[in-house]
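For reference, the chains in residue letters:
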Amino acid sequence: MSGRTFGILSPFVGGDYYGAIIEGINAAAVAGGDRVMAVQTLDPGSHSADRSGLPEFHLPVAWRHLSGLAVLPGAVGPDYAEAAGRAGLPVVLVAAETSGEGMSVVAADNRSGVRDAVIHLIEHGHERIAFAGYMVHFDLRERLAGYIEGLAGRGLDPLVFDSGDNHESGGESVADALIRAGMPVTAIVLGTDRNALGLIERLTAAGYELPRDLAVVGFDDIADAAYLRPALSSVRQPLDALGAAVYDLMTLPPQRRQVPTVFEPRQSCGCASDGLPVSEAHTRELFRQVRYLQDTLNVQYELGVALLAEQGGDPAHLDWLDRTTARAGCLGMWHPDEPEKLETVGTFRCPAADGKVLPVDEFPPVELFDRADGPGGDIVFTVPVRSRLRDWGMLAAVGRIQSTTPPGREMMNHSGSLLAKALDYRVVEERLRTAAMRDHLTGLPNRLLLEDRLAHAGLRAAREPGYRFAILLMDLDGFKAVNDSLGHAAGDQLLIQVARRLTGLLRRTDTVARLGGDEFVVLIDDVSGPGGDSAVRAGIEAAVTEPYSIDGHVVEVGLSIGSAVSGDGLSDPDLLLREADAAMYKAKSASRRR
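All of these numbers come straight from a predicted model, not from anything done at the bench.

Draft legend 1. Spatial organisation of the state of the cysteines. Scanning the model with the defined rule gives zero disulfides in all. The closest cysteine sulfur to the non-disulfide-bonded Cys269 is located on Cys271, 3.6 Å from its own sulfur. With no disulfide of its own, Cys350 has Cys330 as its nearest cysteine by sulfur position, at a separation of 6.5 Å.

Written out as structure tokens, the structure reads:
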């Protein structure tokens, strides 16, 4: 057993296509004494790989841990694979048209399976046979070529539709096009089974009977195919064999290898039904799959509640992973001072990984790999934690490969999306809280936050007889003249500069707040002895009345201050604030008389 780790880059790290390939690679790696990790390259919460396009993913995740790298279709651009090759990693591309220097390619023999399907339809008597698929992808273009080869052997003309995606929606659009054209064909081969599912549902709803009105063949032979009515004829590409070939080529000289595909005829192409395969073992397996899907729905519900509905917890701590099937996990967030590194700010059942600061090519921490049970189907997954507001970092978790759900519906994609939103919400909540407690112009505490600080000071004074605090209430003399002569923008700049001078004079335990207009309040903490506020008051008056430079003008203002100090049984902040207010207006009146 070599104990090597091989990485798999994939748009999604689960589903009945990507997940099945990952499962095949993992099975072969475990048999060879190695292990794999899977990296999602699409942003979490992406709906589909087709609609999202090629991900903007350039992070060398875990490169220092890896002995090779498999790149699944649509995961990254060619530049990424070339960079990995230059870093010394063997690279195997899956279903790629071309490869870079020193890279291997594994692909299904798309042509032969489709060619066999077309010949089979011709043997049923069909001469008007169409093909529909999303020709952006190389493997779909290969399937189209197999279709054309099958027709050419009998001298028949092709009719091709672009489905626009590989999902049910693409099949629905093809069905609509056929209906609008008056059903110009009697049979059709679709590039994916999910295209076929969408087409069958749309045509059946429109009143067409299949295969009488249209014979249908899909590609992939997903689990749903045999249970449709009519059961879907499909070309099966053995994804387990594809995964095993990927693992084999990790340690062999660069080469191209094809995995055979097999046409599976069923009712949708016109063949007679053999009935459903029913046995005790088969029934128990179906029941297990139903329970698995129920558990998956429960996990998604619990994730939503834990990350979006519940209040009070920090989502970065990863306590919510306890509600999922994950065995362990860690969250790496971009380090504020070292932007190329990730800091593990939260862990789940992997305390040894907590608090580590790692370059991205060493993430996730090695301790997480020890938590993965490869033979049991567990591997390490990583997914970006990114939203429209912010790129937070990477989530890594140990869990079971999900190979029966549609792509993008697996736990990791769901978790990464909800975690990013939960982190966003915390930032928004903090901003709202700050906005509610701070003056929008100066950033000083507003009346609401001042009242909270005064209340704490009053409670402390009531508990500790020797504790005293002082309140200074002040406003600027001549502020209106600045507004009138230089404008409100200059007045705002004056208030901002006054706030800075006041803040610079005070201790961290003191508070300066703006009540509105040119009125400020200072709460002086822990005043000792009679007249203990006098030095602070004198310093404030000297600092605030120094000249200001605003838009090229020298501006001077005066200051009226009223103060009140707790003591002798008086600790009610409201009473002290009124006392300071009265003293300030007395000082202001005296200033006007002068």
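Draft legend 2. Main features of the sheet that holds strand S7 (residues 160–162). The mixed open sheet is built from six strands, whose spatial order is S7-S6-S8-S9-S10-S12. Looking at the sheet topology across the chains shown, the edges are occupied by S7 and strand S12 (262–264). With strand direction ignored, the average angle separating the axes of adjacent strands in the sheet is 20°. In this structure, strand S6 (residues 129–133) lies alongside strand S8 (residues 187–190), joined through four bridges in parallel fashion. By the bridge assignment, Ala132 is partnered in S8 with Leu190. The sheet strands contacting helix H7 (residues 193–205) are S6, S8, strand S9 (215–219) and strand S10 (233–236), and the helix crosses S9 at an angle near 150°.

Draft legend 3. Representation of the nonpolar core in the model. Core analysis: the largest hydrophobic core is formed by 57 residues, its most contacted members being Trp320 and Leu395. The residues contacting Trp320, other than those within four sequence positions of it, are Leu303, Ala306, Leu307, Pro315, Leu395, Ser415 and Leu419.

Draft legend 4. View of the side chain of Ser46. Within the fold, Ser46 resides in the loop between strand S2 (35–40) and helix H2 (49–52). From its side chain, Ser46 meets the backbone oxygen of Asp43 in a polar contact 2.6 Å long. Apart from residues no more than four positions distant in its own chain, Ser46 is found in contact with Phe12, Ser52 and Asn413.

Draft legend 5. Up close: the packing of helix H9 (residues 280–309) against helix H11 (residues 411–437). H11 packs onto H9 with a crossing angle of 15° between their chain directions and a minimal axis gap of 9 Å. When the interaxial angle is binned, H9 and H11 end up roughly parallel. Considering only the axes of H9 and H11, their crossing is right-handed. Residues Val299, Gln300, Leu303, Gly304, Leu307 and Leu308 of H9 lie in contact with H11, whose contacting residues are Met411, His414, Ser415, Leu418, Leu419, Lys421, Ala422 and Tyr425.

Draft legend 6. The arrangement of the pairing of strand S1 (residues 5–10) in detail. Of all six residues that make up S1, six are buried, and the element is covered over most of its length. Residues Thr5, Gly7 and Leu9 line one face of S1 and the alternating positions Phe6, Ile8 and Ser10 line the opposite face, and both faces are buried. The parallel pair S1 and S2 is bridged by helix H1 (residues 18–31), and the resulting crossover is right-handed. Pairing analysis gives four bridges linking S1 to strand S3 (residues 68–71), with the strands arranged parallel. Opposite Gly7, over in S3, you have Leu69 as the bridge partner.

Draft legend 7. Focus on unusual backbone geometry. Following Leu210, the chain continues into Pro211 via a peptide bond in cis, with omega recorded as 10°. A cis amide bond links Phe363 to the next residue, Pro364, at an omega of 5°. Mapped onto the secondary structure, Pro364 falls in the loop between strand S15 (357–359) and helix H10 (366–369). For Asp220, which is not a glycine, the phi torsion comes out positive at approximately 125°. At Asp551, a residue that is not glycine, the phi angle is positive and equals roughly 50°. Summarising the element assignment, Asp551 is placed in the loop between strand S21 (548–550) and strand S22 (553–555). Residue Asp551 is classed as exposed on the basis of its relative accessible area, which comes to 63%.

Draft legend 8. Representation of the packing of aromatic side chains within the structure. For the coordinates displayed, the defined rule picks out seven aromatic pairs. On the numbers, 5.1 Å between centres and 70° between planes, the contact of Tyr17 with Tyr18 is edge-to-face. This pair shows no difference in class: Tyr17 is buried, exactly as Tyr18 is. A network of ring pairs unites the aromatic residues Phe12, Tyr17 and Tyr18 as a single cluster.

Reading the values: the criteria
- Residues numbered from 1 in each chain as written.
- Predicted model: local features only at pLDDT ≥ 70, side-chain atom pairs only at ≥ 80, totals over all residues.
- Heavy atoms only, no water.
- Disulfide = S-S within 2.5 Å.
- Pairing = 2+ DSSP bridges.
- Helix = DSSP H or I, 4+ residues; strand = E, 2+ residues; numbered from the N terminus.
- Axes fitted to C-alpha atoms, helices over the stretch in contact; angles between N-to-C directions.
- Contact = heavy atoms within 4.5 Å.
- Core = buried A, V, L, I, M, F, W, Y, C linked by side-chain atoms within 4.5 Å.
- Buried < 20%, exposed > 50% of the residue type's maximum accessible area, 1.4 Å probe, protein only.
- Polar contact = N/O pair within 3.5 Å; in protein donor to acceptor, adjacent residues only side chain to side chain.
- Parallel < 35°, antiparallel > 145°, perpendicular 65-115°, else oblique.
- Left-handed = near helix turned anticlockwise from the far one by under 90°.
- Right-handed = clockwise from strand over helix to strand, strands pointing away.
- Phe/Tyr/Trp six-rings, centres within 6.5 Å; stacked < 30°, edge-to-face > 60°.

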